[in-house]
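# Examining the three-dimensional arrangement
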Amino acid sequence: MAQAAAGRKNWFAIWVSVAVVVIVALVVALVVWMNRAATDPGTAPSGSGINQETGAVVVGSGSQTLDTYIDFMCPICNQFEQTYGDEILDLANNGTITLNIHPISILDRYSQGTKYSTRAANAMYCVAEADPDKAVTFMQALFKAQPEENSTGLTDQQILDVASSVGVTGIDSCVSDGTYTKFVAAMTEKTPVQPGSSGIGTPTLAVNGTVIANQTIPAKGQFATLFQ
């Protein structure tokens, strides 16, 4: 009887050990899955107008580079575009610079839960994928239609109307499905921090790979001096 009881105890211990191993394996698998889900960049745009390494919308092919990180809900980004947009495009068009536009989303909290910054950045990628030559024009039009902070932002249909106004159609599902939403989030996390700042801000500029403080941006009409 004692031997039989001992045998039963041994089998019980074995099954408990197996169960523990299975549970541990499941927990590890769950943690790995959650980590992958948290860092999954989602669907990446693959059009010719998008840098596959940095996720930037590319304009021009100059030897020097200007990277701009923008949020479509950011009023200062809009002011920056209105002040320097034409000068920057001139530099890109005359072969001085390659302009790399990074649409990011740090101001979703200012759109009453509609995540306008993310949706607008997603739409920028939708346009750049569908018609790279219209990406800048769309960006300009979206800034002109910029909603106020703490509003619900533009609806998806209004964003599509802006795209249509610059000649881009056929991106309805890309916009409404948020095709590049995860990609926007992943790219936002990679935004560099300006010198003297404690966190990500917009607009952020990098000249030839070096991030500069916004206080050092030259006066209107003198933007080209950054590349001399």
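Just so we're clear, the structure is a prediction, and the values are computed from it rather than from any experiment.

Parameters and conventions
Along every chain, residues carry numbers that run from 1 in the direction the sequence is written. In view of the model being predicted, local features appear only for residues whose pLDDT reaches at least 70, and side-chain atom pairs are presented and counted only at 80 or more, with totals across whole chains, interfaces and linings using the full set of residues. Side-chain metrics rest on all non-hydrogen atoms present in the structure, leaving aside hydrogens and water. Each residue gets one of three labels from its accessible area relative to the maximum for its type: buried under 20%, exposed over 50%, partly exposed in between, using a 1.4 Å probe on protein chains only. Labels follow the DSSP assignment, with helices taken as runs of H or I lasting at least four residues and strands as runs of E lasting at least two, numbered in each case from the N terminus. By construction, the arc corresponds to the directions joining the helix axis to the C-beta atoms. In this description, contact between two residues means that some pair of their heavy atoms is separated by no more than 4.5 Å. In the cavity and pocket records, a cavity denotes points on a 1 Å grid over the protein atoms alone where a 1.4 Å probe fits but cannot get out, a pocket denotes an open set with protein on both sides within 12 Å along at least 5 of 7 lines, and lining residues are residues with an atom within 4 Å of a point. Grid points are joined across faces, edges and corners, and a volume is the space filled by probe spheres set on the points. Gly counts as polar in this scheme, as do all residues outside two lists: the nonpolar Ala, Val, Leu, Ile, Met, Phe, Trp, Tyr, Cys and Pro, and the charged Asp, Glu, Lys and Arg. The pairing criterion for strands is at least two bridges between them, as found by DSSP. Note on method: axes are straight lines fitted to C-alpha atoms, helices fitted across the in-contact stretch only, with angles between N-to-C directions ranging 0 to 180 degrees. Among buried residues, the Ala, Val, Leu, Ile, Met, Phe, Trp, Tyr and Cys ones that are joined through side-chain atoms within 4.5 Å form a nonpolar core. Only one rule defines a salt bridge in this text: a Lys or Arg side-chain nitrogen within 4 Å of an Asp or Glu carboxyl oxygen. Only rings of Phe, Tyr and Trp enter the pairing, Trp through its six-membered ring, and a pair is recorded when the two centres are within 6.5 Å. The plane angle decides the type: under 30 degrees is stacked, over 60 is edge-to-face, the rest tilted. Each angle receives one of four descriptions, namely roughly parallel if under 35 degrees, roughly antiparallel if over 145, roughly perpendicular if within 65 to 115, and oblique otherwise. Put simply, a crossing is left-handed when the front helix is turned counterclockwise from the back one by less than a right angle, and right-handed when it is turned clockwise. Look down the strands so they point away from you; if the path from the first strand over the helix to the second goes clockwise, the crossover is right-handed.

## With respect to helix α5 (residues 156-165)
- For α5, the full list of buried residues reads I159, L160, V162 and A163. Looking straight down α5, one finds its buried side chains confined to an arc of 155°; they lie on one side.
- Its buried side turned inward, α5 meets α3 (116-130), α4 (135-144) and α6 (172-176).

## A closer look at empty space enclosed by the protein
- Inspection of every chain in the model, using the stated rule, returns one cavity of 30 Å³ or more.
- If you add up the space inside the largest cavity, you get close to 130 Å³.
- Along its surface, the largest cavity is lined by 13 residues, and T68, F80, E81, I88 and M139 are the ones closest to its centre.
- When contributions to the lining of the largest cavity are tallied by element, the ones reaching two or more residues are β2 (64-70), α2 (75-93), β3 (97-103) and α4.
- When residues in the lining of the largest cavity are grouped by element, the largest group, six residues, is from α2.
- Among the residues forming the lining of the largest cavity, the class breakdown is ten nonpolar, two polar and one charged.

## Comments concerning the sheet that holds β3
- Sheet architecture is open: five strands sit in the order β1-β3-β2-β4-β5, paired in mixed fashion. With one partner strand each, in any of the chains shown, β1 (57-59) and β5 (210-212) form the two edges of the open sheet. With strand direction ignored, the average angle separating the axes of adjacent strands in the sheet is 25°.
- In the sheet, strand β4 (residues 204-207) pairs with β5 via three bridges, with the strands oriented antiparallel. Bridging from a neighbouring strand, L205 pairs with I212 of β5.
- Sheet strands touched by α2: β1, β2, β3 and β4. Its angle to β3, the strand with the most contacts, is close to 150°.

## Focus on the nonpolar core
- Grouped together as the largest cluster of nonpolar side chains are 56 residues, with contacts concentrated most on L66, F72, I101, F138, I171 and F223.
- Setting aside anything within four residues of it in sequence, one finds F138 in contact with A123, M124, V127, I159, V162, A163 and V166.

## Section: the pattern of salt bridges
- Per the stated rule, a full pass over the model turns up two salt bridges.
- Where R119 meets D156, a salt bridge forms, and the shortest distance between an N and an O atom there is 2.7 Å. A residue pair is termed long-range when its members are at least 10 positions apart, and R119 in helix α3 and D156 in helix α5 qualify at 37 residues.
- By relative accessible area, which is 18% here, R119 ends up buried.
- With its nearest N and O atoms 3.8 Å apart, the salt bridge here joins K134 to D131.

## What about the packing of aromatic side chains?
- Enumeration over the complete set of coordinates arrives at seven aromatic pairs.
- Ring geometry for F80 versus F223: centroids 6.2 Å apart, planes at 70°, classification edge-to-face. Within this pair, whereas F80 is found in helix α2, its partner F223 is found in the segment after β5, the two being separated by 143 residues in sequence.
- For the ring pair Y125 and F183, a centre distance of 5.2 Å and an interplane angle of 80° mean the geometry is edge-to-face. Within this pair, whereas Y125 is found in helix α3, its partner F183 is found in helix α7 (residues 181-189), the two being separated by 58 residues in sequence.
- Taken together, the aromatic side chains of F80, Y84, F223 and F227 make up a single cluster linked through ring pairs.

## Overview of the packing of α4 against α5
- One way to put it is that α4 packs onto α5 with a least axis distance of 9 Å and a crossing angle of 130°. Considering the angle they form, α4 stands oblique to α5. Pair α4 / α5 crosses with right-handed handedness. Note on element contacts: α5 touches α4 through I159, V162 and A163, opposite F138, A141 and L142.
- Classifying every residue of the contact of α4 with α5 by side-chain character gives six nonpolar, no polar and no charged.

## Details of the pairing of β3
- The buried count for β3 comes to seven of seven residues, which makes it a mostly enclosed element.
- Both faces of β3 are covered, namely the face carrying I97, L99, I101 and P103 and the face carrying T98, N100 and H102.
- For β2 and β3, the ladder comprises seven bridges, and the chain directions are parallel. Bridged to T65 within β3 is T98.
- Between β2 and its parallel partner β3, the chain crosses via α2, and the hand of that crossover is right-handed.

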